[in-house]
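Secondary and tertiary structure notes
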Amino acid sequence: MAPWHRTAAFIWSTLAFLLYFGYTYAADPEHTINYFNNGPARLFFFDDATSVIYHDAILGEIRVSQDEGKSWNRADDIQPGEAAMFIEHPFDNRVAFVLTNSFTHYRTDDRGKSWRTFDIPELVAYVQKPLSFHSDPKKSEYTLFQATKCDSIPWGERCRDVTYYTKDGFVSSELLLDDVSRCQFAHSSKDFKHDAHDDLVYCVAFDSSAMTGSHNIASSRLYSSTDFFATKQNEDLGIGKNAKGVVAFAIVSKFAVVALKDLSPGSEGDMLLYVTVNTKEWAKAQFPHASQARLRENAYTIVESTVHSLAVDVVLHDITSVGTLFVSNSNGTYFVESLMDTNRNMAGYVDYETIYGVEGVGIANVIANAQDVERKMAAKQLRSVITFNDGSSWNPLLAPSVTDMHNYGPVFSSPAPGFVMGVGSVGQALAPYEEGNTYMSTDAGLTWKMVHEGAFQYEFGDSGSVIVIVDDEQPTDSIMYSTDMGQTWNTYNVGIQFRARGLTTVSDSTSQKFLLLGQVTRQSKQPNVGRNAAIYLDFATLGRPKCVPDDKEPWYARANSKSECIMGAKQWYTRRKADADCYMGEEFHDPEGHDDKCPCEDHDYECDYNYVRSDGKCVPSGPERIPSTQCTLGTPDEKYMGSSGYRKIPGNKCEGGSHMDEPMSKDCSGAEPVEGEIVYQIHPFPGDIVQSEYFKDSKTVLVRLADFTIWQSSNEGYTWEQKFPEERFLAFYIHSHTNDRAYLITDSKKFYYTTDTGRYWHSSEAPSPPNTFGAQVVRFQTRSDYLIWIGNVDCESGYEHCRAQAQYTRNNGRDWQLVEDYVVNCDWARDEELRIESSQILCESYADKQGSQVFFGKDNALQLVSGTDYYAKKTKLFDHVVGFTKFSEFLIVAEYLPMRGTLNLQVSLDGQTFASGSFPPGMHPDSHAYTVLESSTKAIFLHMTMNESPTPWGNILKSNSNGTYFGVSVENVNRNNAGFVDFEKFVGLDGIAMVNVVANPTEAALTGHKTLQTRITHNDGGTWKPLLPPSVDSLGLRYPCTTVGCALHVHGYTERFDARATYSIGNVGNSLATYTESDTFLSRDGGFTWEEVHKDAHLWEFGDSGSVIVIVNDEEPTDHVLFTTDEGLNWREFKFTTEKIRVRDIMTVPDDTSRKFMLLGRFSTGGSVLIHLDFSSLTHRKCVVDVENPGHDDFELWSPSEERDSLCLFGRQTLYHRRKRDVNCVVGDTPKALDNIMRNCTCTAEDFECEFNYVRNGEGECVLVPGMNSRPSDDSCRNGEDYWYDRTAYRKVYYSTCEGGDRIDRGTQHLCPGINGHSAMFWMVVILFPFVITALVAWWWYSKSGMARGTIRLPGGDYSHGSGSGVLATLASVPWFLLGLSGIAFEYIASSLESVSMGYRARRGYRDVPVDEDAQVLHFEDEE
């Protein structure tokens, strides 16, 4: 080869080598390592800048990098050791603050290049966010500073939090408010958009100053001000003076939320949430499970929320690490259950994360074995689920080519569009972190793939064009990176061995620089530097070209058919194609989301004002109110343009498509009438109405007909809709503990349920068809999802093994577990007031579980078995029972004693320990039928039948507070053959009841004709009196009855078509007349006085808290009702039909707060009918109430009286709140003043009842039953009394709180033994004795020591003892020694008394609250 050829070849080879070497070199990233003594308490990237802050909290130093972490310098303007806290300005990316533990703090206006000082008069408060900032860029200098101020007091310091404010970035500052717990600008979130005053500030502060530094929670309120608290306003949250007990205030997304503790009487201290979206109108957050989703302090978390809804995770289970996620509607007030069994830690942090930048998508971890975690404290088995529609539905995460349940662990979403990574596993449950692998999704969680085995930390850069991962399980010397969305990975060695502690980049993930934090291994540690390394990684040196438009593509956030649009738009971003080898290079440019408007669909609309959702449709809640300019002609066919019932959800972006919100042409006859008119609707039904019931606290009502159909009205009977016409319904049940749930029972396994008062119904399948043995099909518990189902098993073909089987569910029927076979009744033991083990189930079942239950007789004993742990651990309570029931706080069992063929009544307060009831002579249930009556006053009322059919009556017995001793309350009370007793409690007034007694028991037993008289009690059955008759009738005429025995008598339960109805139909005379000869009476004061309001017998019903009363003749067919707005002073007639109907019942909402009624009846020609009556337009004037000054508005205060000098009932004077009789106004939801207990009264005879074994004689005195003995006196002094008393013929009514007066229940007084048995002089001697002895010994020593006057002291005599172990030290200890002896003696006496007391408590059984003396009859089986 020629020389020049060789030369050329050499040159080309050299160039090729250099080019190759250069390309290879450029293909690697660069790195720089900086070392620090300690890891950072905070590592912060300023937004859209290269500046980084490294806060070393241990050394109290701030280090700053201006090149994304490549080089670092200490902030020299900040004194070493002073940096206690670093806080960035959220709305100004140049400003940050360093707070110290002194009065001087630091601020930077150039991202840490320089710092200037500012002073605050007090030390910074130890709260999570001591600074609050204004979101308006024009007012970025406005800042609130929370500090702690301490004042010296004689016994130390009293400290409280105060807030300062500045308008000039702390050039100056002034005190905003003293004694606060949190202050925040109303304008402190870009999503919380409103038109409130620019300077509006909210503060949670206290309305009284505490001397001890602590406050009563009731003094915490939410205040607001627009002039920095020169003046302040108490935010009443729409609930007036009850807006107290505020615990927290926060602005979350577009919502401002206030959490306050429920301090109302009877509350268990639950938390209440109030929400506003405009700072003007606050609304209480309503959760779907009234008795289950209780917000308890430290047991709920407001989690990451979208701009569309508020998300709250609530602890519902017994353990605090299992939650349930609830998601609100668009204004944050109504919540629906979104996800059960969410995972949370003890600090309240919830495994829930919304995907960054993608609306409506979120990932959560749920506990797959929540039941085992709760019951057995088992280890959690986690599963990951994803939502694409803001929590409306959740699905497991999907992975390619895997058919098992797919679960992934902690998830990290990035500002890089659609990129999500997580460490997790594929399988039945989430594996431990160290056993997991690293997975990635590039489509916001739709699909996943494993990118590397093992657990790795991860980070996205350059909008997803660079992905970096580092081993998170063990020390390493390298990182891995991918530039093609995780398809291939490259390894890069950084030259040192380290344990990864963190991997991050700029906040918007648009840079090619990363910062890796690690702890250097001992082998790699460099001399004279710290072990904490900050490794700067630069991928700009990879040599890739910058992307051009052809390298990019649109990426749609939801590209599957199930979740294309949310809030009316399809969201998309521009991002790099996976196979494009280029870099985006759009540093500090946030990804821009684009919205393609979607056509409007049904789910883009919600119900308009005055409309409610019923089974997915919006129906009017009543006639529509229209402007006064419409419907003015009065012609029959006149129209107006009214609401369609729908409106677009606020913030929804849909266009075109379905126009559900367009106004509709409507008949003027259907619009709301002018003031003073009444609206009615007639709805004939194809069959007789056999069941009807309202949802509590709702306007929705269900009706079941005899033709097995169910109908629903969501507007109090204005319109009706048949539910599921293809089904045959046997019954429906409203959930007894959760007002918004109901269950429709078909004749098959299928049932329907609603969790939102019938807005939507869902089908589910029970384990068996409903039972035909007479047991209630569904039983409910205080936990809404906990059900027991009793159905038929093996009854389809023949009866060989036909039986009733009970199964339970903890998730509203999604799966069922067997409880027991051959049952007669099963129920949850726990109830609202029977607060016992929530997993306990009680079952009445046959002992011999073979054959067909259809043919079982008395020879197969019915056993009562209690099963805890959801019937896994069984305990047989009784071998033979007739039945059991729950009343108030009592569990009552009718035990059958086959050896004697008698019944025994057993009572329990804890579901485990039972005590036999003790009865008066001749009234034991072994020989009499009995009925348990309603009670709400800590006692059981029993009706013991003394005369059997065909003319049954009996005595009402009342128990003591533990349900064990029964005494006669009233004799000869009427009942019918169906078991209904003429005994009725007054709603809202505890302890008042009426009965009808048989006045001629001897004659009635022979003739079968009962003469009835009415009696009333105002002291819970202690005494019974006739009803005081009115002096004149409704026409102003005097009654002809003038004898001493003349009284008012009213008809009771036993004569009613519907035993649930309540009305006072009766007559004035010597006895009760027939129903057709009776008139209608009303009492306004709890039955003390009565007046006749109308002639003839009528059905009646209260509406709007009594502001409207409707009555209708039920003696014969009618075409009209009568109504009054002044409680019967004046009546008006309203005719509703031309064809008369026979009315059977009047219905309205259960709490009687509506002006709408329903008449249930039958046409004379046949067929049932329902008449809707709407009195809402009688007046539009709202009642005026002044809760701060009750009685000076449209309401009056009254107190029931029993013709005493003081207006007392149950030993106390209570003022009740009611509308003034002559005021015509709408009460509605007007907040009423609370019933006010003014004072306890002195005891009178009405506060006492007969002691056990005593009955009242003809003079009303309690006398001993012949042949019986008085009970022994109780000398236990177990409640720390000073004295005990001999029993008398009387005992105090347990419900009474009277004090002093004539205590006829107390006999001779006796001094209690023990400490209380000594006088004050005795204890004074005991206390002074040690000091006297000490003084005498000291004087003796002083006299002998040579220190007394005249004593010779020798030179060198040293009487000081530095060791402190000499005579002086000994003498100094004498008082303490003696006091110690007296303390030991006192402890011995106290412990002895306590052991006696505790022993007594153990024997008396199962109650911790104070009880009456009769509690000692309770016993345990193992009692010695």
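Every chain is numbered independently, its residues counted from 1 as its sequence is written. In keeping with the model being predicted, local features are shown solely for residues with a pLDDT of at least 70 and side-chain atom pairs are shown and tallied solely at 80 or more, while totals for entire chains, interfaces and linings include all residues. Side-chain metrics rest on all non-hydrogen atoms present in the structure, leaving aside hydrogens and water.

Here's the deal with the overall build of the chain
- Comment: elements are numbered from the N terminus, with helices defined as DSSP H or I runs of at least four residues and strands as E runs of at least two. A tally of regular secondary structure across the chain gives six helices and 101 strands.
- Expressed as a percentage of the 1424 residues in the chain, the buried residues total 53%.
- Within the chain, residue pairs in contact and separated by at least 24 positions form 51% of the contacts whose partners lie at least 6 positions apart.
- For the accessible areas, the method is Shrake-Rupley and the probe is 1.4 Å, while residue cover comes only from the protein chains on display. Here the chain displays about 65,200 Å² of accessible surface, and carbon together with sulfur accounts for 52% of that area. Partly exposed describes any residue whose relative accessible area lies between the buried limit of under 20% and the exposed limit of over 50%, with all areas from a 1.4 Å probe on protein chains only and scaled to the type maximum. In what follows, residue pairs with any heavy atoms lying within 4.5 Å of each other are defined as contacts.

A look at the sheet that holds strand β66 (residues 862–867)
- By the convention used here, strands pair only if DSSP detects at least 2 bridges between them. The four strands are arranged β64-β65-β66-β67 in an open sheet whose pairing can be described as antiparallel. Unpaired on one side and paired on the other, β64 (823–828) and β67 (873–878) mark the two borders of the sheet. Within this sheet the neighbouring strands show an average axis-to-axis angle of 25°, counted without direction.
- Where β66 meets β67, four bridges bridge the pair, whose relative direction is antiparallel. Bridge pairing links Val865 to Lys876 in β67. Angles shown run from 0 to 180 degrees and are taken between the N-to-C directions of axes, each axis being a line fitted to C-alpha atoms and, for helices, limited to the stretch in contact.

Notes on the environment of His1180
- Among the structural elements, His1180 can be located in the loop between β90 (1168–1174) and β91 (1195–1198).
- For the pair His1180 and Cys1225, spaced 45 residues apart in the sequence, the C-alpha separation amounts to 7.2 Å.
- Apart from residues no more than four positions distant in its own chain, His1180 is found in contact with Arg625, Glu672 and Glu675.

Regarding the pattern of salt bridges
- For this document, the term salt bridge refers to a Lys or Arg side-chain nitrogen within 4 Å of an Asp or Glu carboxyl oxygen. Counted according to the given criterion, the structure contains 46 salt bridges.
- Salt-bridge contacts for Lys280 lead to Asp195; the nearest nitrogen and oxygen are separated by 2.6 Å. One end of the pair, Lys280, is in the loop between β21 (271–276) and β22 (283–284); the other, Asp195, is in the loop between β15 (180–185) and β16 (201–206), with 85 residues separating them in the sequence.
- What makes Lys280 exposed here is its relative accessible area of 53%.
- What makes Asp195 exposed here is its relative accessible area of 63%.
- In this structure, Lys886 engages Asp827 in a salt bridge whose closest nitrogen and oxygen atoms are separated by 3.3 Å. Highlighted residues: Lys886 in strand β68 (residues 881–887) and Asp827 in strand β64, separated in sequence by 59 residues.
- Connected via shared salt-bridge partners are Lys958, Lys985, Asp1020, Glu1249, Glu1251, Arg1271, Arg1287 and Arg1291.

Quick notes on the environment of Asn771
- Within the secondary structure layout, Asn771 lies in the loop between β59 (762–765) and β60 (778–780).
- The buried category is assigned to Asn771, whose relative accessible area is 9%.
- Note: C-alpha distance between Asn771 and Ala804 (33 residues apart in sequence) is 6.1 Å.
- Those residues in contact with Asn771, other than ones at most four positions away along the chain, are Gln776, Val777, Ile790, Gly791 and Asn792.
- Reaching out from Asn771, the side chain makes a polar contact with the backbone oxygen of Ile790 at a distance of 2.9 Å. Counting of polar contacts relies on pairs of N or O atoms within 3.5 Å, with two restrictions inside protein: one atom must be capable of donating a hydrogen and the other of accepting it, and residues adjacent in sequence are counted only when both atoms are side-chain atoms.

Re the pairing of strand β24 (residues 311–315)
- Counting buried positions along β24 gives five out of five residues, so the element sits mostly inside the fold.
- Two elements, strand β23 (residues 300–302) and β24, share three bridges in a ladder whose sense is antiparallel. Within β24, the residue paired with Thr301 across the bridge is Asp313.
- As defined by bridge partners, β24 adjoins strand β25 (residues 322–328) across five bridges and the pair is classed as antiparallel. Bridge pairing links Asp313 to Leu325 in β25.

Focus on the sheet that holds strand β80 (residues 1047–1050)
- Spatially, four strands are ordered β80-β81-β82-β83 in an open sheet, and the strand pairing comes out antiparallel. Edge positions in the sheet fall to β80 and β83 (1091–1094), since each of these pairs with one other strand and no more. Each adjacent strand pair in this sheet contributes to an overall mean axis angle of 55°, direction not counted.
- In this sheet, strand β81 (residues 1065–1069) lies alongside β80 in antiparallel orientation, the contact comprising four bridges. Paired with Ala1047 across the two strands is Gly1069, which belongs to β81.

Structural notes on a negative patch on the surface
- Together, Asp47, Asp48, Asp590 and Glu592 give the surface a local cluster of negative charge.
- In this fold, Asp48 is placed in the loop between β2 (42–45) and β3 (52–56).
- A relative accessible area of 31% places Asp48 in the partly exposed class. Any residue with relative accessible area above 30% and no salt bridge may belong to a patch, with like charges joined within 9 Å and the nonpolar Val, Leu, Ile, Met, Phe, Trp and Tyr side chains within 5 Å. Here Asp and Glu are counted as negative and Lys and Arg as positive; His is not counted, and neither are the chain ends. Lysine's charge is taken at NZ, arginine's at CZ, aspartate's at CG and glutamate's at CD.

Let's talk about unusual backbone geometry
- One non-glycine residue, Glu68, adopts positive backbone phi at about 65°.
- Topologically, Glu68 is positioned in the loop between β4 (61–65) and β5 (73–74).
- In this structure, Ser509 is a non-glycine residue whose phi angle is positive, near 55°.
- Taking relative accessible area as the criterion, Ser509 reaches 2% and is therefore assigned buried.

Focus on the confidence of the model for the chain
- A residue's pLDDT is the predictor's confidence in that residue, given on a scale from 0 to 100. Here the chain averages 80 in pLDDT, and 84% of its residues register 70 or above.
- Between residues 14–26, whose pLDDT stays under 50, and residues either more than four places distant or in other chains, the model counts three contacts.
- Counting interchain partners and residues more than four positions distant, the pLDDT-below-50 stretch residues 400–410 has 46 contacts.

A word on the environment of Ile1141
- Within the secondary structure layout, Ile1141 lies in strand β88 (residues 1141–1147).
- Among all residues touching Ile1141, those that are not within four sequence positions of it are Glu1116, Pro1117, Thr1118, Phe1136, Arg1162, Phe1163, Val1169 and Ile1171.

Observations concerning the state of the cysteines
- Disulfide: a pair of cysteine sulfur atoms within 2.5 Å of each other. According to the stated counting rule, one finds ten disulfides in the structure shown.
- At a sulfur-sulfur separation of 1.9 Å, the disulfide partner of Cys795 is Cys802. Taking the sign of the torsion about the S-S bond as the criterion, the disulfide between Cys795 and Cys802, at about 90°, is right-handed. Here the two residues Cys795 and Cys802 agree in accessibility, since each one is buried.
- Cys1183 shares a disulfide with Cys1225; S-S distance 1.9 Å. Between Cys1183 and Cys1225, the S-S torsion sits near 90°, and that sign places the bridge as right-handed. Remark: Cys1225 occurs in the loop between β92 (1212–1219) and β93 (1236–1240) and Cys1183 occurs in the loop between β90 and β91; sequence separation between them is 42 residues. As far as the burial class goes, Cys1183 and Cys1225 line up, both buried.

With respect to the side chain of Ser135
- Turning to its location among the elements, Ser135 is positioned in the loop between β11 (131–133) and β12 (143–153).
- If we ignore the near neighbours within four places in the chain, the residues touching Ser135 are Phe91, His187, Ser188 and Ser189.

Let's talk about the packing of aromatic side chains
- Two rings from Phe, Tyr or Trp (for Trp, the six-membered ring) form a pair when their centres sit within 6.5 Å of each other. Planes less than 30 degrees apart are called stacked, planes more than 60 degrees apart edge-to-face, and all others tilted. Within this structure, the stated rule accounts for 43 aromatic pairs.
- Each ring, one from Phe878 and one from Phe914, has its centre 5.1 Å from the other, and the planes form 80°; the classification is edge-to-face. Note that Phe878 is positioned in strand β67 and Phe914 in the loop between β70 (902–908) and β71 (915–916), a separation of 36 residues in sequence.
- Look at Phe878 and you get buried, because its relative accessible area is 7%.
- Look at Trp1100 and Phe1102: their rings are 4.9 Å apart centre to centre, the planes differ by 80°, and that puts the pair in the edge-to-face class.
- The exposure class assigned to Phe1102 is partly exposed, which follows from its relative accessible area of 25%.
- Ring pairing ties together the aromatic residues Tyr743, Phe751, Tyr753, Phe780, Trp789 and Trp816, which thus form one cluster.
- A ring is considered to have a charge above it if a Lys NZ or an Arg CZ atom is located within 6 Å of its centre and within 35 degrees of its normal. Over the ring of Phe419 we find Arg575, and its NZ or CZ is 5.0 Å from the ring centre.
- When the ring centre of Phe708 is taken as reference, the NZ or CZ atom of Arg728 above it lies at 4.0 Å.

As for the side chain of Thr709
- Within the fold, Thr709 resides in the loop between β53 (701–705) and β54 (710–713).
- The buried category is assigned to Thr709, whose relative accessible area is 10%.
- A distance of 3.1 Å separates a polar atom in the side chain of Thr709 from a polar atom in the side chain of Trp711.
- Those residues in contact with Thr709 that sit more than four places away from it in its chain are Val703, Arg704 and Gln722.

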